[in-house]
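# Summary of structural features
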Amino acid sequence: MHPGSVPPEDNLFTMVHMRDDGIRGSRVVSAYGIQPQFAMVAISLTGALIAGGALSEIELQLIPVQPASSVWLRGKEPIGFDFSQAVVPVNGTVLSALDDTIEIAAVLT
């Protein structure tokens, strides 16, 4: 996820050409532009079951910076996320869910 804004000093590429234990040349250039996708992202475990391997519920709250028609999520920690039985109770449809990834169709504005 990209940050909402990036100070200019943090968005630079620094290159140094070294040979024979000495610096032959260097350059600092602007990095690629960062375009935020979401603001105020919050993910909460809301289900009663929280043990490893248990089926439970999560709640995703976010504010899109730009309109979108779907959101793609990947559960990275803890290892073993399985969205294959996921359902979206309101305002969305599961487009695909396989292991630790899920894509949900929803009007994000």
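Anyway, here's the lowdown on the structure attached to this text. (Residues numbered from 1 in each chain as written. Predicted model: local features only at pLDDT ≥ 70, side-chain atom pairs only at ≥ 80, totals over all residues. Heavy atoms only, no water.)

### Things to note about the overall build of the protein
Of regular secondary structure, the protein possesses zero helices and seven strands. Each helix (α) and strand (β) of the protein, taken in turn from the N terminus, gives the series β-β-β-β-β-β-β. For the protein, buried positions account for 13% of its 109 residues. Contacts spanning at least 24 positions in sequence make up 38% of the contacts within the protein whose residues lie at least 6 apart. Of the roughly 8,800 Å² of accessible surface on the protein, 55% is carried by carbon and sulfur atoms. (Helix = DSSP H or I, 4+ residues; strand = E, 2+ residues; numbered from the N terminus. Buried < 20%, exposed > 50% of the residue type's maximum accessible area, 1.4 Å probe, protein only. Contact = heavy atoms within 4.5 Å. Areas by Shrake-Rupley, 256 points an atom, 1.4 Å probe, with all protein chains shown as cover.)

### Description of a nonpolar patch on the surface
Taken together, the side chains of Val41, Ile43, Leu45, Ile50, Ile58 and Leu60 define a hydrophobic patch exposed on the protein surface, amounting to about 550 Å² of accessible area. Here the nonpolar patch gets three residues from one element, more than from any other, and that element is strand β3 (residues 38-45). In this fold, Val41 is placed in strand β3. Residue classification places Val41 among the partly exposed residues on the basis of a relative accessible area of 35%. (Patch = residues over 30% accessible without salt bridge, like charges linked within 9 Å, V, L, I, M, F, W, Y side chains within 5 Å. Salt bridge = Lys/Arg side-chain N within 4 Å of Asp/Glu carboxyl O.)

### Some thoughts on the pairing of strand β2 (residues 22-30)
With zero of its nine residues buried, β2 lies for the most part at the surface. With eight bridges connecting them, strand β1 (residues 12-19) and β2 associate as antiparallel partners. Its bridge partner lying in β2, Val16 is registered against Ser26. Where β1 folds back onto β2 in an antiparallel hairpin, the turn is made up of two residues, including Asp20, whose phi is positive at roughly 55°. (Pairing = 2+ DSSP bridges.)

### Comments concerning the nonpolar core
With seven residues, the main nonpolar core is built from Val71, Leu73, Phe83, Ile102, Ile104, Ala106 and Leu108. If you list the elements that add at least two residues to this core, you get β5 (68-74) and β7 (101-108). When residues of this core are assigned to their parent elements, the largest contribution, four residues, is made by β7. In contact with Ile102, other than residues within four places in its own chain, are Val71, Trp72, Leu73, Phe83, Ala86, Val94, Ser96 and Ala97. (Core = buried A, V, L, I, M, F, W, Y, C linked by side-chain atoms within 4.5 Å.)

### What to know about the pattern of salt bridges
This structure, assessed with the given rule, holds two salt bridges. Across the pair Arg24 and Asp20 runs a salt bridge whose closest N-O atoms are separated by 3.6 Å. Per residue, the accessibility class of Arg24 equals that of Asp20, and both read exposed.

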